[in-house]
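This is what each chain is made of:
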Amino acid sequence: MKARVLVLYTGGTIGMTPVDPAYPEGTRRPGTKEDLLRYLPPVRDGIEWELLSEPALRPMDSSDVGPREWLAMAAAIARNYDGWDGFVILHGTDTMAYTASALSFLFENLGKPVVLTGSQTPLFHERTDGRLNFLNALRIAGYKAVRLPAVPEVTICFGNVLLRGNRARKMSTSDTDAFESPNLRPLAAIESEIFVDRSLARPRPSDPFRAAAAMCEEVVDITIVPGLRAELLRALICAPPIRGAILRTFGQGNPPNSPALLRVLGDAVAAGKVIVNVTQCARGFVNMYQYENGRALVDLGVTSGLDLTPEAALTKLAWLLGAKLPPAEVRRRMQIGQRGEQTFDLMRVPAGDEAGFAADRVRHAFPMDGDVLLLVEPG
Ligand code: ASP
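It should be emphasised that the depicted structure is a prediction, and the values quoted were computed from it without experimental measurement.

Participant: Can you help me understand the site of the ligand in this one?
Facilitator: For the ligand, the full set of nearby residues is Gly12, Thr13, Met16, Asp61, Ser62, Gly92, Thr93, Asp94 and Ser119. Separating a nitrogen atom of the ligand from a side-chain N or O atom of Asp61 is a distance of 3.0 Å. Between the ligand and Thr93 there is a distance of 2.5 Å, counted from an oxygen atom to a side-chain nitrogen or oxygen. A total of 270 Å² of accessible area belongs to the ligand in isolation, and the protein chains cover 89% of it. Of the residues that constitute the shell around the ligand, the class distribution is one nonpolar, six polar and two charged.

Now the structure itself:
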């Protein structure tokens, strides 16, 4: 069986060329599509691929990629969705985890693979890791032709793993195995063959595919540091245009227990801003009930980011706020998995109703003003 894969080239090291050709190891900049095509074979293992010509997407360093580009990529895939079996996005590694997360939320009922890849060393370089990354990504996207199971979601294929895009993080500036998903096993191991873990497959959607067309840009990501002064936090979080903030707290979701700091957070929530608590730790999840310091945030109306990566938390918040939902609904949906981005759901139910949840799916039940907060493994 043959497969057809559409490739979007958005830039990044994989397609970069030296600013001064006399110094190949010197400063690099994004190369053109023609540069790229010189190094990549047009047909491979029964997989036919084409490079999309899309004026809204010029090759760039991924440090320049943001909501505008995420929406342009989503729209380009939506326009071409029906004609192709899968999609590969060549992208810089620096913000690849943000783009993968953003696309995962923008795509509703995605039923085909969308695989991001790039490299640490450019294709023009003889020791490039880009060629193999590209060929592996092509096999995941063109799964039909190479008899692999379908992975119909947004993924990152890099080095020796295929990762769920909204669980992935760039962990190394230079390793060829640069990405990990700290709270989820890889979707596939890439060895001499590719081994897809079928137990992590997401259900195939039956409703039609669509791409959302808006993202809120008025969101910030703030790291709490020891001794952070309340007036500095106020300047960062209470400015009028800000509609949402990711707050990177300590451990299981704890800030310093300073009344002045907590007052700032309470004022921000009262002003309708959505504040999402994620941990500064690489692994594990936020449990604001474990310590008094965290519990103070629950009482203020701060939302739990559970085990969302900061990249997934930021883009999920930008997507939900872009959908123009009221803040209470944004807070509710932030705590419930939408695209496999988190291990648990956190929901508030009237006391007694928790009996309706299968006992083996309920991890914790926390009493809360007459209701119960349930931490539930999605079914
Ligand atoms: N600065 C580059 C980028 O993200 C790094 C890379 O691709 O590895 O575009």
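Participant: Explain helix α9 (residues 310-322) here, please?
Facilitator: Every α-helical turn comprises 3.6 residues, leaving residues that sit three or four positions apart pointing alike. The terminal C-alpha atoms of α9, which comprises 13 residues, lie 18 Å apart, in line with the 18 Å expected from a rise of 1.5 Å per residue. Buried residues dominate α9, accounting for 13 of its 13 residues. Just downstream of α9, Lys324 is the residue with a positive phi angle, here 60 degrees.

Participant: Would you explain the pairing of strand β10 (residues 161-164) in this entry?
Facilitator: Working note: regular strand, side chains alternate between the two faces of the sheet. In β10, alternate side chains face the same way, and those of Val161 and Leu163 on one face and Leu162 and Arg164 on the other are all buried. The hairpin turn running from strand β9 (residues 154-158) into β10, its antiparallel successor, is two residues long, and Gly159 in that turn takes a positive phi close to 60 degrees. With two bridges joining them, β10 and strand β13 (residues 188-190) adopt antiparallel strand pairing. Looking at the pairing, Val161 lines up with Ala189 of β13.

Participant: Teacher, can you tell me more about the sheet that holds strand β22 (residues 371-376) here?
Facilitator: A sheet is described by the order of its strands in space; here three strands give the open sequence β20-β22-β21, paired in antiparallel fashion. The open sheet has two edge strands, β20 (345-350) and β21 (362-368), and neither has a second partner. Strand after strand, the sheet turns through a mean of 25 degrees between neighbouring axes, direction not considered. As paired elements, β21 and β22 share six bridges and run antiparallel to each other.

Participant: Would you take a moment to explain the packing of α9 against helix α10 (residues 327-334) for this structure?
Facilitator: To characterise two packed helices, one gives the angle between the axes of the helices and the distance between these axes. Running from amino to carboxyl end, α9 crosses α10 at an angle of 145 degrees, the nearest separation of the two axes being 10 Å. By crossing handedness, the relation of α9 to α10 is classed as right-handed. Contacts between α9 and α10 involve Ala313, Lys316, Leu317, Leu320 and Leu321 on the former and, on the latter, Val330, Arg333 and Met334. A breakdown of the residues in the contact of α9 with α10 according to their chemical character gives six nonpolar, no polar and two charged.

Participant: I'm lost on the sheet that holds strand β17 (residues 244-249) in this one. Help?
Facilitator: Backbone hydrogen bonds hold the strands of a sheet together, and the pairing may be parallel or antiparallel. Within the open sheet, the four strands sit side by side as β16-β17-β18-β19. Their pairing is parallel. Every other strand in the sheet has two partners, leaving β16 (219-223) and β19 (303-304) as the edge strands with one partner each. Alignment of strand β18 (residues 274-279) against β19, held across two bridges, turns out to be parallel. The partner of Val276 across the bridge, within β19, is Thr303. The sheet strands contacting α10 are β18 and β19, and the helix crosses β18 at an angle near 20 degrees.

Criteria and thresholds
- Along each chain, residue indices are assigned from 1 in the same order as the chain's sequence is written.
- Per-residue local features are limited, in this predicted model, to residues with pLDDT of at least 70; the limit for side-chain atom pairs, both in listing and counting, is 80 or more; totals at the level of whole chains, interfaces and linings are taken over all residues.
- As a convention, hydrogens and water are excluded, and side-chain values are obtained from all of the structure's heavy atoms.
- Near, as used in this document, describes a residue that has one of its heavy atoms within 4 Å of the molecule or strand being considered.
- Polar contacts, as counted here, are pairs of nitrogen or oxygen atoms within 3.5 Å of one another; within protein the pair requires one atom able to donate a hydrogen and one able to accept it, and residues that are adjacent in sequence qualify only if both atoms are side-chain atoms.
- The Shrake-Rupley method, run with a 1.4 Å probe sphere, supplies the accessible areas, and residue values consider only the shown protein chains as cover.
- Under the convention adopted here, Pro, Cys and the residues Ala, Val, Leu, Ile, Met, Phe, Trp and Tyr are nonpolar, Asp, Glu, Lys and Arg are charged, and Gly plus all remaining residues are polar.
- Counting from the N terminus, the helices are the DSSP runs of H or I reaching at least four residues and the strands are the DSSP runs of E reaching at least two.
- Take the number of residues in a helix, subtract one, and multiply by 1.5 Å to get its expected span.
- Here's how the labels work: a residue is buried when its accessible area is under 20% of the maximum for its type, exposed when over 50%, partly exposed in between, all with a 1.4 Å probe on protein chains only.
- By definition, two strands form a pair when at least two bridges between them are found by DSSP.
- Convention adopted: a line fitted to C-alpha atoms gives each axis, helices being fitted over their contacting stretch, and angles between N-to-C directions are expressed from 0 to 180 degrees.
- For any pair of crossing helices, the crossing counts as left-handed if the nearer helix is rotated counterclockwise from the farther one by less than a right angle, and right-handed if it is rotated clockwise.
- We call two residues in contact when some of their heavy atoms are within 4.5 Å.

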